[in-house]
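Residue-level structural notes
Chain by chain, the residues:
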Amino acid sequence: MSTERGRIKIDGFHGERSRDLESDPAVGDEVERDVESRWYRVARQIVRDRLALIGAVVVVLMVVSAVFARPIEAWGYTVQPFALAPFDPTSTGVGAPYQSPSLGHPMGTDRLGRDILSRVMYGARFSVSIGLIVTALAASFGIVYGGISGYFGGTVDDVLMRIVDMVFAFPGLVLALVIIAMIGRGYWELVAAFALPGWAIYARLIRGEILKVKQNEYVLAAKALGARDRTVLSRHVIPNAIAPVIVQATLSIGTVVIGVAALGFLGLGFTADTPEWGTMLEIERDTIVSAGGEWRWWATFFPGIMIFIFVMAMNMIGDAINDALDAQASETTQMGGG
């Protein structure tokens, strides 16, 4: 520290140091280590929790089944040549109509003689991928939106949160129905129908966490050293406020899958020949009670049980993540109190 004509100069707080702060790789190392530790705790909790481990295995198997069910072509090239599904899911007459489960057709056939096992495996491409894409898009936008709202506060926070309140004024499924009615049915239409209103929950969650995190000492220190708001927000605030968003995102994947299946069951999802789980339930809805005096239970049981299994698996993973992050938060609080 030095004085010059009555002015105080403190090393480390002058303009050049402040400008160099953002490019210094040492800045934020502690936050990055905390993030790595958080993910390590999550992975360890999933491995130790039998239910969560089972859920993770189920999800991985469903994803593998979806990817390798039938070959994938992109821009005229075959990027995935394998076919685990025994039959083409759209081919009719591969078996007798409404053939009960057997060795040749482990899940039976539907009214057009299509193999239900092949359709269930292939249908995971639609249901699971939409759940993942919608959650990624909604969470990404919600984190940025809620991060700006919570960090800057004041008028910015008031205006942005009133928009969130408007989104919450309508049930998510109702908004999805309205969007589908406006833009039509299809894969990306369903993604838009659930992603457009789905970001609000993430925005509110991250905003609430940031209101607490931004008062911590390391955030105030970064500001005092002259770091830009963008740097403070992206390297110090959001990484330490992201925990509840991760839990919500994990649980929301299953919620989106249920929503897509609900629209499919209402006839507002994919076209009738698409092997999506909810659409399969819709075209076989009359077999839920009876069909010509005979109950063809397998036509709706297997698509329905796949929805149930996937959602339960995601919920078990979400619970394990929540337990891991709660344990870390408790230890941090105790250390701070000590």
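Everything discussed here concerns the structure shown above.
Residues numbered from 1 in each chain as written. Predicted model: local features only at pLDDT ≥ 70, side-chain atom pairs only at ≥ 80, totals over all residues. Heavy atoms only, no water.

Focus on empty space enclosed by the protein
Enumeration according to the criterion identifies one cavity of 30 Å³ or more in this entry. Considered as a void within the structure, the largest cavity measures approximately 30 Å³ in volume. Along the walls of the largest cavity sit D110, I116, R119, M280, I283, E284 and A299, which together make up its complete lining. Taken together, the residues of the lining of the largest cavity break down into four nonpolar, no polar and three charged. (1 Å grid on protein atoms, 1.4 Å probe; cavity = no way out; pocket = protein on both sides within 12 Å on 5 of 7 lines; lining within 4 Å. Points joined across faces, edges and corners; volume = space filled by probe spheres on them. Nonpolar A, V, L, I, M, F, W, Y, C, P; charged D, E, K, R; others polar.)

Focus: the packing of helix α6 (residues 172-183) against helix α7 (residues 187-213)
Where α6 meets α7, the closest approach of the two axes is 9 Å, and the angle between their N-to-C directions is 140°. When the axis of α6 is compared with that of α7, the two are oblique. Both α6 and α7 take part in a crossing whose hand is right-handed. Contact residues: G172, L175, A176, I179, I180 and I183 in α6; E189, L190, A192, A193, F194, L196 and P197 in α7. (Axes fitted to C-alpha atoms, helices over the stretch in contact; angles between N-to-C directions. Helix = DSSP H or I, 4+ residues; strand = E, 2+ residues; numbered from the N terminus. Parallel < 35°, antiparallel > 145°, perpendicular 65-115°, else oblique. Left-handed = near helix turned anticlockwise from the far one by under 90°. Contact = heavy atoms within 4.5 Å.)

As for the layout of surface pockets
Counted as a void, the second largest pocket has a volume near 440 Å³. Taken together, 21 residues make up the lining of the second largest pocket; nearest its centre are G172, F194, P197, G198 and T255. For the lining of the second largest pocket, the elements supplying multiple residues, two or more each, are α4 (116-152), α5 (154-168), α6, α7 and α10 (243-265). Looking at the lining of the second largest pocket, the element that brings in the most residues is α7, giving six residues. Residues of the lining of the second largest pocket, tallied by class, amount to 14 nonpolar, seven polar and no charged.

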